[in-house]
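Read off the chains here:
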Amino acid sequence: DAMRRVVAEEGTMALWKGCAPTVARAMAVNMGLFSSFEKSKDMFVKDYGFSKQQALWSASMVAGGFASVLGLPFDFVKTRIQKQKPDAHGKLPYTGPIDCVLKVIRSEGPMTFYRGLGTFYIRIAPAVSIQLVVNEWLTGLVRKP
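Here the residue numbering is sequential within each chain, running from 1 through the sequence in written order. Where local features are concerned, this predicted model is filtered to residues with pLDDT of at least 70; where side-chain atom pairs are given and counted, the filter is 80 or more; whole-chain, interface and lining totals use all residues. Heavy atoms from the whole structure form the basis of all side-chain values; hydrogens and water molecules are not counted.

Chemist: When you look at the overall build of the protein chain in this model, what are you seeing that I'm missing?
Modeler: Numbering of helices and strands runs from the N terminus, with a helix taken as a DSSP run of H or I at least four residues long and a strand as a DSSP run of E at least two residues long. Helix and strand content of the protein chain: 5 helices and 0 strands. Of the regular secondary structure in the protein chain, the N- to C-terminal order runs α-α-α-α-α. On C-alpha atoms alone, the protein chain measures out to a radius of gyration of 20 Å, which is more than a quarter above the 15 Å that the 2.2 N^0.38 rule sets for 145 residues. Only protein chains enter the accessibility calculation, which uses a 1.4 Å probe. A residue is then buried if its area is under 20% of the maximum for its type, exposed if over 50%, and partly exposed in between. Looking at the protein chain as a whole, 32% of its 145 residues are labelled buried. Every residue pair with non-hydrogen atoms within 4.5 Å of one another is taken to be in contact. Restricting to contacts in the protein chain with at least 6 residues of sequence separation, those with at least 24 account for 63%. For accessible areas, the Shrake-Rupley method is used with a probe of radius 1.4 Å. Any residue's cover is judged against the shown protein chains and nothing else. Of the roughly 9900 Å² that the protein chain leaves accessible, carbon and sulfur atoms contribute 65%. Note that the radius of gyration is over C-alpha atoms, with the globule rule given as 2.2 Å times the number of residues to the power 0.38.

So this is what it looks like as C-alpha cells:
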C-alpha cells in the first residue's frame, strides 16, 4: 500500500528520493575496494613473497582500508541527512549533501568526516574480505578448463 500511495501522491521518481547520498557512498567504497585490491595482491606476492592465499587475504584487508577511508565521509553525510530532524519551525538543518558537507566543515572541521574510522574499518573489512575471497574462488571455478 505504501508504494502505491507514494507513486499515486508523489510520482514514480519519489521512490528514489534521497538515494543520491547512498549511491555516492557505494561508489566511493567500491572505488577504494577495487582500485586497491589487485595491485595490493600483486605487490604482496612479488615484493613480499606471500603465497597466493596469504596475498589474497592481506590484499582484501588493504582494500577494506581504502574502502573505509574513501567511503566514511560519504557514509557520514548520508547518516547526517537521514537522521536530521526539523526544528520548531519545521526547517531541516541541511538542504542536501553539499550543504551538509559545507556546514560540517565550517562548524566541526574536516576531520569530523573521519570520526569513527577504526570502527568503520572493523565493520567493513571482514565483509569486504569475504566478498573478495569468494569472488576469487568463483572466478577460479569459472576459468578452469
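Chemist: So what exactly am I meant to see when it comes to the state of the cysteines here?
Modeler: Simply put, disulfide is the name for a covalent bond between the sulfur atoms of two cysteines. Cysteine sulfur atoms are paired as a disulfide whenever they come within 2.5 Å of each other. With the rule as written, the count across this model stands at 0 disulfides. Looking at C19, it has no disulfide partner, and the nearest cysteine sulfur is the one in C100, 17 Å off. Its relative accessible area of 31% is what places C19 among the partly exposed residues.

Chemist: Where do I start with helix α5 (residues 117-143) in this structure?
Modeler: Each full turn of the α-helix corresponds to 3.6 residues, which orients residues three or four apart in the same direction. Multiplying 1.5 Å by the residue count of a helix minus one yields the expected span of that helix. With 27 residues, α5 should cover 39 Å at 1.5 Å per step; its first-to-last C-alpha distance of 37 Å lies within 8% of that length. The axis of α5 is deflected most strongly, by about 30°, at I124, and proline P126 appears within four residues downstream. Taken together, the buried positions of α5 are occupied by F120, I124, A125, V128, S129, L132 and V133. For α5, the elements touching its buried residues are α2 (20-46) and α3 (52-83). Across the chain, bend at a residue is computed as the angle between axes fitted to the seven residues ending at that point and the seven starting from it.

Chemist: Is there a simple way to think about α3 in this case?
Modeler: The end-to-end C-alpha separation of α3 is 43 Å, in line with the 46 Å expected for 32 residues at 1.5 Å each. The principal kink in α3, of about 40°, is found at G71, preceding the proline P73 by one to four residues.

Chemist: Would you take a moment to explain the packing of α3 against α5 for this structure?
Modeler: Relative orientation and spacing of two packed helices are given, respectively, by the angle between their axes and the distance between those axes. To get an axis, a line is fitted to the C-alpha atoms, and for a helix only the part in contact is used. The angle between two axes follows their N-to-C directions and goes from 0 to 180 degrees. Interaxial distance between α3 and α5 falls to 7 Å at its minimum, and their mutual angle equals 130°. Taken together, α3 and α5 sit at an angle that is classed as oblique. At the point where α3 passes α5, the crossing takes the right-handed sense. Its residues placed into classes, the contact of α3 with α5 shows 15 nonpolar, 6 polar and 3 charged. In these notes the angle categories are as follows: under 35 degrees is roughly parallel, over 145 is roughly antiparallel, 65 to 115 is roughly perpendicular, and the rest is oblique. Here is the rule for handedness: rotate from the far helix to the near one, and if that takes an anticlockwise turn smaller than a right angle the crossing is left-handed, while a clockwise turn gives right-handed. Charged means Asp, Glu, Lys or Arg here, nonpolar means Ala, Val, Leu, Ile, Met, Phe, Trp, Tyr, Cys or Pro, and polar covers whatever is left, Gly included.

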